[in-house]
Amino acid sequence: MNKILSAIQTNDERFWKRLTIGLLALIALLSLAQPAVAHHPFAGEAPNNWWEGFLSGLGHPVIGFDHLAFVIASGLVAANTKRGWMIPLGFVMAAIAGTGLHLQGVNLPLLEVMIAASVIAMGGFLVLFQSHNVVGESNHNNQAESFSYSLLIALGSAIAGIFHGYAYGEAVVGAEMTPLVAYLAGFTLIQLGIALGSYKLAQTLLAQVSTPSVPLTRLIGCGIMGMGVVFVTSVI
């Protein structure tokens, strides 16, 4: 770990070449996989009890790379905005609603494309809009601008959450109320935990080692956008 931090801080050219090759290899590997939209941690069977429902809820957002990439990105974006907690919270609350829509038999068009597009969009926010990070500044106009920016992203995140949550709903079609509630609790907790971890990572490690010449958050955003592109091309 110390070697990695040293390479980042000294802007080691060999390190960045290896990192770039690694990212390209990862994207190539992901391009061979089928899009992760309807994941079933229990081999396609609906959970039968509270414990199975909870474990299924914990697993679904993690085994789906598209969902995981979006949640990680939402935490990173939140760390660079005023009142950024609205972004992952809006996503998770909307995901619950999206699951409800699926269970009610509502049809959402272009589900896979919309999920992949949301990953691209959130990665794009990381790449393009780092200048809105005004945490700690006292200028009223900057704070108002940042709040509006956060509100806009939170709204977009909530819209994305409906589609992600709709995909989550596939795993609990036909489940009884107890495992269903446990499933909702599981995917809510795991997503908030991942987003919070990304948030703290961005505020500590990434903030310490990022420089204008090596903007790590933007590099991560590029990687997330690349994953989104892979997901889109695999479903079109």
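Heads up: the structure comes first, above all this text.
Residues numbered from 1 in each chain as written. Predicted model: local features only at pLDDT ≥ 70, side-chain atom pairs only at ≥ 80, totals over all residues. Heavy atoms only, no water.

Visitor: How should I be thinking about the overall build of the protein in this particular structure?
Guide: Secondary structure assignment for the protein yields 9 helices and 0 strands. Burial statistics for the protein: of 236 residues in total, 43% are counted as buried. Put simply, of all contacts in the protein between residues at least 6 apart along the chain, 83% involve residues at least 24 apart. Counting only carbon and sulfur atoms, one obtains 66% of the accessible surface of the protein, whose full area is about 11900 Å². (Helix = DSSP H or I, 4+ residues; strand = E, 2+ residues; numbered from the N terminus. Buried < 20%, exposed > 50% of the residue type's maximum accessible area, 1.4 Å probe, protein only. Contact = heavy atoms within 4.5 Å. Areas by Shrake-Rupley, 256 points an atom, 1.4 Å probe, with all protein chains shown as cover.)

Visitor: Before we go on, may I ask you to explain a nonpolar patch on the surface in this structure?
Guide: On the surface, a nonpolar cluster with roughly 380 Å² of combined accessible area is contributed by W85, L89, M93 and L192. Within the element layout of this structure, L192 appears in helix 8 (residues 177–209). Relative accessible area serves as the criterion here: at 30%, L192 is assigned to the partly exposed category. (Patch = residues over 30% accessible without salt bridge, like charges linked within 9 Å, V, L, I, M, F, W, Y side chains within 5 Å. Salt bridge = Lys/Arg side-chain N within 4 Å of Asp/Glu carboxyl O.)

Visitor: Looking at this model, I keep getting lost on the nonpolar core. Mind explaining?
Guide: Within soluble globular proteins, side chains that are nonpolar generally end up buried alongside one another. Judged by nonpolar contacts, the single largest core of 37 residues is most densely connected at I87 and M122. At 8 residues, the largest contribution of residues to this core is made by helix 4 (residues 65–78). Beyond its immediate stretch of four places on either side in the chain, I87 contacts S74, V77, A78, T81, M122, S150, I153, A154 and S157. Membership of the second largest hydrophobic core comes to 6 residues, among which are I115, F163, Y166 and A167. (Core = buried A, V, L, I, M, F, W, Y, C linked by side-chain atoms within 4.5 Å.)

Visitor: Any chance you could explain unusual backbone geometry here in plain terms?
Guide: Among all residues save glycine, negative phi is the norm, and among peptide bonds the norm is trans. Here L110, not a glycine, exhibits a phi torsion of approximately 50°, which is positive. Assignment of secondary structure puts L110 in the loop between helix 5 (86–103) and helix 6 (111–128).

Visitor: Looking at this structure, how should I read the packing of aromatic side chains?
Guide: Each pair of aromatic rings is reported with the distance of its centres and the angle of its planes. The full count for this structure, using the stated rule, is 6 aromatic pairs. Taking 5.1 Å as the distance between ring centres and 10° as the angle between the ring planes, the aromatic pair formed by W50 and F54 counts as stacked. Residue W50 and its partner F54 are located together in helix 3 (residues 50–63), separated by 4 residues, close to a single helical turn. One aromatic cluster is present, built from ring pairs that chain together W50, W51 and F54. (Phe/Tyr/Trp six-rings, centres within 6.5 Å; stacked < 30°, edge-to-face > 60°.)

Visitor: Mind showing me how you'd approach helix 4 here?
Guide: An α-helix turns once per 3.6 residues; consequently, residues spaced three or four apart project the same way. The terminal C-alpha atoms of helix 4, which comprises 14 residues, lie 20 Å apart, in line with the 20 Å expected from a rise of 1.5 Å per residue. Summarising burial for helix 4: 12 of the 14 residues are buried, a large majority. (Expected span 1.5 Å × (residues − 1).)

Visitor: Whenever I open this one, the environment of A95 confuses me. Can you help?
Guide: Following the sequence through the fold, A95 ends up in helix 5. For the pair A95 and I159, spaced 64 residues apart in sequence, the C-alpha separation works out to 8.8 Å. Not counting residues within four places of it along the chain, the set of residues in contact with A95 comprises G161, I162, G165, Y168 and F187.

Visitor: Can you help me understand the packing of helix 6 against helix 9 (residues 216–235) in this one?
Guide: Packed helix pairs are specified by the crossing angle of their axes together with the interaxial distance, meaning the distance between the axes. The interhelical angle for the contact between helix 6 and helix 9, taken along N-to-C directions, is 165°, at an axis separation of 7 Å. Classified by the interaxial angle, the pair formed by helix 6 and helix 9 is roughly antiparallel. Here helix 6 and helix 9 pass one another in a crossing that is left-handed. Residue-level inspection shows E112, V113, A116, A117, V119, I120, G123, G124, L126 and V127 of helix 6 in contact with helix 9, the latter providing T217, R218, G221, C222, I224, M225, G228, V229, F231, V232 and V235. Residue composition of the contact of helix 6 with helix 9, grouped by class: 14 nonpolar, 5 polar and 2 charged. (Axes fitted to C-alpha atoms, helices over the stretch in contact; angles between N-to-C directions. Parallel < 35°, antiparallel > 145°, perpendicular 65-115°, else oblique. Left-handed = near helix turned anticlockwise from the far one by under 90°. Nonpolar A, V, L, I, M, F, W, Y, C, P; charged D, E, K, R; others polar.)

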